[in-house]
Amino acid sequence: MGSGTHRPRHRVIVVGDVVTDVLAVLDGPLAAGSDTSASIRITGGGQAANTAAWLASERVPVTLVAVVGDDEAGRARIAELTALGVDCAVRRCPDAPTGTVIVLARGEDRTMVAQRGANLRLSANDVDAALAAAPDARHLHLSGYALLEAASREAGRHALAAARGQGLTTSVDAASARPLRQVGPEAFLTWVRGVDLLLANTDEAAVLTGGLDAEAAARKLTDIAGHVVVKRGGDGAVWAQRSGALIRFAARRVPVVDPTGAGDAFAAGLLAAWVRGADPRSALRLGGRLGAWAVSTVGARPVVEDSG
């Protein structure tokens, strides 16, 4: 392991989106065209930002590369992430608002209505500046949303190529089933081919493989990535490796308060274990623990107790 004079390369660079979540946890089924009572709060969100926040909760050095508006919401989002321990390589864009997502959550289901805003201004220069400032980086994780939007796609693809060029391992979270259908699974798989780790939930994996179930999809997607994890929510996950190994993980069942950000928390657990050299089963257990924590609280980020 050496003399210990060199700083360990455990930093994760997370590239993608940060938004304001307007989160409504519904008291009952949505009454279309009428009123539905809910508990509503405004908080930080975005797949990449959430993953970075959960990584920081595990004391993993993490840098978030993203773009917000030069507005009150953007300043609030950066302040929240900084308070959680995230190093923010987040550019303030003067001519686009901070992204906003309306989230309707009930039980294990959630529906999102999104204005991507300044997230669409992500650039290759943003990525390069963050990589240059992080010599301790070991891994780059890309939110699939960066690839699913044409305006940010070049930056997302550049992030993967630049990271590989610097010897970092890479991962991508497939992000969302409907946009995957819109861009086409063949195109998306071309953009992510060669990543070390591909994450998808069951719906996303089915889109990417023409309707295969979780295990079959995970195996098939190892043609694209060295490791594939298909997230199955309360049913756990499967991890397939190009070597042919398949690992099944059964999640610990917990009462679901709000599923928002649970997949991001699960991904952060996997990545925290990945950069520390843990085996897949240990990584799945940590992902499951963070995912269970996420669904047990309202909001997409870890809740930090106020020590004051």
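The paragraphs below set out a description of the structure included in this document. (Residues numbered from 1 in each chain as written. Predicted model: local features only at pLDDT ≥ 70, side-chain atom pairs only at ≥ 80, totals over all residues. Heavy atoms only, no water.)

Section: empty space enclosed by the protein
Piece 1. Across all of its chains, the model carries 1 cavity of 30 Å³ or more by this definition.
Piece 2. Forming the walls of the largest cavity are Gly16, Asp17, Arg116, Asn119, Leu120, Leu122, Tyr145, Ala146, Glu149 and Ser152.
Piece 3. Considered class by class, the residues forming the lining of the largest cavity number 4 nonpolar, 3 polar and 3 charged. (1 Å grid on protein atoms, 1.4 Å probe; cavity = no way out; pocket = protein on both sides within 12 Å on 5 of 7 lines; lining within 4 Å. Points joined across faces, edges and corners; volume = space filled by probe spheres on them. Nonpolar A, V, L, I, M, F, W, Y, C, P; charged D, E, K, R; others polar.)

A closer look at the layout of surface pockets
The gaps left among the atoms become clear once a water-sized probe is rolled over them.
Piece 1. Of the pockets and cavities examined, the second largest pocket occupies roughly 240 Å³.
Piece 2. Every residue lining the second largest pocket is counted, 13 residues in all, and those nearest its centre are Thr43, Leu84, Arg301, Pro302 and Val303.
Piece 3. Take the lining of the second largest pocket: its biggest share by element is 3 residues, from strand β3 (residues 38-45).
Piece 4. Looking at the lining of the second largest pocket, its residues break down into 7 nonpolar, 3 polar and 3 charged. (Helix = DSSP H or I, 4+ residues; strand = E, 2+ residues; numbered from the N terminus.)

Comments concerning the nonpolar core
Piece 1. Within the largest apolar cluster, 51 residues are counted, with the highest numbers of intra-cluster contacts made by Val15, Leu140, Val172, Phe188 and Val192.
Piece 2. The element best represented in this core is helix α5 (residues 150-165), accounting for 5 residues.
Piece 3. Setting aside its immediate chain neighbours within four residues, Val172 contacts His141, Leu142, Gly144, Leu147, Leu160, Phe188, Val192, Val195, Leu197, Leu198 and Leu199.
Piece 4. With 46 residues, the next largest nonpolar core counts Leu55, Leu197, Ala268 and Val275 among its residues. (Core = buried A, V, L, I, M, F, W, Y, C linked by side-chain atoms within 4.5 Å. Buried < 20%, exposed > 50% of the residue type's maximum accessible area, 1.4 Å probe, protein only. Contact = heavy atoms within 4.5 Å.)

With respect to the side chain of Ser152
Piece 1. By the element assignment, Ser152 lies in helix α5.
Piece 2. Apart from residues no more than four positions distant in its own chain, Ser152 is found in contact with Asn119, Leu120, Leu122, Tyr145 and Ala146.

Overview of the sheet that holds strand β7 (residues 109-115)
The strands that make up a sheet pair up through hydrogen bonds in the backbone, lying either parallel or antiparallel.
Piece 1. The strand order β3-β2-β6-β7 describes an open sheet built from 4 strands, whose pairing is mixed. Every interior strand has two partners, whereas the edge strands, β3 and β7, have only one. Strand-to-strand twist across the sheet, computed as the mean angle between neighbouring axes with direction ignored, equals 20°.
Piece 2. Bridge analysis of strand β6 (residues 99-106) against β7 gives 7 bridges, and the strand direction is antiparallel. Looking at β7, one finds that Arg106 is bridged to Asp109. (Pairing = 2+ DSSP bridges. Axes fitted to C-alpha atoms, helices over the stretch in contact; angles between N-to-C directions.)

Topic: the packing of helix α3 (residues 124-132) against α5
Piece 1. Their axes nearest at 8 Å, the elements α3 and α5 cross at an angle of 30°. In terms of orientation, α3 and α5 fall into the roughly parallel class. Judged by the twist between their axes, the crossing of α3 over α5 is right-handed. Side by side, α3 and α5 meet where Ala124, Val127, Asp128 and Leu131 of the first sit next to Ala155, His158, Ala159, Ala162 and Ala163 of the second.
Piece 2. Class assignment of the residues belonging to the contact of α3 with α5 gives a composition of 7 nonpolar, 1 polar and 1 charged. (Parallel < 35°, antiparallel > 145°, perpendicular 65-115°, else oblique. Left-handed = near helix turned anticlockwise from the far one by under 90°.)

Brief notes about α3
It helps to recall that an α-helix has 3.6 residues per turn; residues three or four apart then point in one direction.
Piece 1. Burial in α3 covers these residues: Asp126, Val127, Ala130 and Leu131. Down the axis of α3, the buried side of the element spans an arc of 125°, and every buried residue falls inside it. Exposed and oriented more than 90 degrees from the buried face of α3 are Asn125 and Ala132.
Piece 2. Where α3 is buried, its residues meet β1 (11-15), β4 (62-69), β5 (87-93), β8 (137-143) and α5. (Arc of directions from axis to C-beta.)

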